[in-house]
Amino acid sequence: MTTKTCSLMLFLMLSLQAFAQDFSISATAGYVHLNSIFKVDGEDYDLDFKNSGFFVGAQSEIDLTETIAIQPELLIAISGDYKTLYFGTLGAFEVAENFSLLAGPAINYLLEEVATNYSKLGVFGVFGAKYNITENISAQAKYGIQLNNFYTGSADISSKVNYLLVGAAYKFL
């Protein structure tokens, strides 16, 4: 993704303030864990590609009702030699005071070069939970399951990565 694309996504997150009744922006950071799933002809291969690192980014929260919100986020994750941009738009449903369940779509874009017949774009279904520790500080855990295949060639190969994000957010606006 280019700087223009990142700027456009951030602009869109900020411009949603005009349409929302309650809007906030938070800085977020935490731990990321990646797990590679590689199959050839339907048979699993353990590539021993389990990689950990950290993420930083920004997210907003747009309250639609007292219990339902939309949570767009833009993150960069660094794990080992890999840098990846994540953009998600999760729905948050408050099930108890200060505790919400999260679910929604996300995409990632690998910032590193990839091999021939591989895509840099991943599409994910994400679910997780969020706990508001104070009015401005929250803790979150999210798990992303890749829905598309990084491999784009004609062989019977499936190459996917699932991820776990565990972190905190500080609401500053």
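Conventions we followed
- Residues numbered from 1 in each chain as written.
- Predicted model: local features only at pLDDT ≥ 70, side-chain atom pairs only at ≥ 80, totals over all residues.
- Heavy atoms only, no water.
- Helix = DSSP H or I, 4+ residues; strand = E, 2+ residues; numbered from the N terminus.
- Buried < 20%, exposed > 50% of the residue type's maximum accessible area, 1.4 Å probe, protein only.
- Contact = heavy atoms within 4.5 Å.
- Areas by Shrake-Rupley, 256 points an atom, 1.4 Å probe, with all protein chains shown as cover.
- Pairing = 2+ DSSP bridges.
- Polar contact = N/O pair within 3.5 Å; in protein donor to acceptor, adjacent residues only side chain to side chain.
- Patch = residues over 30% accessible without salt bridge, like charges linked within 9 Å, V, L, I, M, F, W, Y side chains within 5 Å.
- Salt bridge = Lys/Arg side-chain N within 4 Å of Asp/Glu carboxyl O.
- 1 Å grid on protein atoms, 1.4 Å probe; cavity = no way out; pocket = protein on both sides within 12 Å on 5 of 7 lines; lining within 4 Å.
- Points joined across faces, edges and corners; volume = space filled by probe spheres on them.
- Nonpolar A, V, L, I, M, F, W, Y, C, P; charged D, E, K, R; others polar.

Colleague: Give a detailed account of the overall build of the chain, specifying residues and quantitative values.
Modeller: What the chain contains, in helices and strands, is one helix and nine strands. Along the chain direction, N to C, the helices and strands of the chain fall in the order α-β-β-β-β-β-β-β-β-β. For the chain, with 173 residues in total, the buried portion stands at 35%. Intrachain contacts of the chain at a sequence separation of at least 6 include 53% that bridge at least 24 residues. Of the roughly 9600 Å² of accessible surface on the chain, a fraction of 61% belongs to carbon and sulfur atoms.

Colleague: I'd love a proper account of the pairing of strand S6 (residues 99–110), names of residues and values included.
Modeller: Of the pairings in the sheet, the one linking strand S5 (residues 82–96) to S6 comprises 10 bridges and is antiparallel in character. Considered in S6, the bridge of Ala-96 is made with Phe-99. The turn linking S5 back onto S6 is made up of two residues, and Asn-98 within it adopts a positive phi angle of 70 degrees. Two elements, S6 and strand S7 (residues 121–132), share 11 bridges in a ladder whose sense is antiparallel. Within S7, the residue paired with Asn-108 across the bridge is Gly-122.

Colleague: An account of the side chain of Gln-71 is requested, with residue identities and associated values reported.
Modeller: Inspection of the secondary structure assignment puts Gln-71 in strand S4 (residues 68–79). Side chain to side chain, Gln-71 and Gln-140 meet in a polar contact 3.2 Å long. When sequence neighbours within four positions are dropped, the list of residues in contact with Gln-71 reads Gln-59, Ser-60, Glu-61, Gly-88, Thr-89, Leu-90, Leu-102, Lys-130, Gln-140 and Lys-142.

Colleague: Could you give me a rundown of the environment of Ile-25, with the residues and numbers involved?
Modeller: By the secondary structure assignment, Ile-25 is in strand S1 (residues 22–40). Exposure remark for Ile-25: the relative accessible area of 8% places this residue in the buried category.

Colleague: Which residues make up a nonpolar patch on the surface, and what are the values?
Modeller: On the surface, a nonpolar cluster with roughly 630 Å² of combined accessible area is contributed by Tyr-131, Ile-133, Ile-137, Tyr-170, Phe-172 and Leu-173. With respect to the element layout, Phe-172 can be found in the segment after strand S9 (157–171). Classification of Phe-172 as exposed rests on a relative accessible area of 54%.

Colleague: Which residues make up the pairing of strand S8 (residues 137–146), and what values go with them?
Modeller: The two faces of S8 differ: Ser-138, Gln-140, Lys-142, Gly-144 and Gln-146 on one face are buried, but Ile-137, Ala-139, Ala-141, Tyr-143 and Ile-145 on the other face are not. Looking at chain direction, S7 and S8 are connected through nine bridges and run antiparallel. Considered in S8, the bridge of Ala-129 is made with Ala-141. The loop that links S7 with its antiparallel partner S8 comprises four residues.

Colleague: For the layout of surface pockets, give the residues involved together with the corresponding values.
Modeller: In this model, the largest pocket occupies a volume close to 510 Å³. Along the walls of the largest pocket sit 29 residues, with Glu-61, Asp-63, Lys-130, Asn-132 and Lys-171 positioned nearest its centre. For the lining of the largest pocket, the secondary-structure elements that each account for two or more residues are S1, strand S3 (50–63), S4, S5, S7, S8 and S9.

Colleague: Go over empty space enclosed by the protein with me, naming the residues and quoting the values.
Modeller: If a probe as big as a water molecule is rolled over the atoms, it shows which places are left empty. Scanning the model with the defined rule gives one cavity of 30 Å³ or more in all. Volume-wise, the largest cavity comes out at about 40 Å³. Where the lining of the largest cavity is concerned, the elements lending two or more residues are S5 and S9. In terms of residues, the lining of the largest cavity owes the most to one element, S5, which gives three residues. Residues that form the lining of the largest cavity fall into these classes: six nonpolar, one polar and two charged.

Spatial relationships are all this shows, so hold off on functional conclusions.
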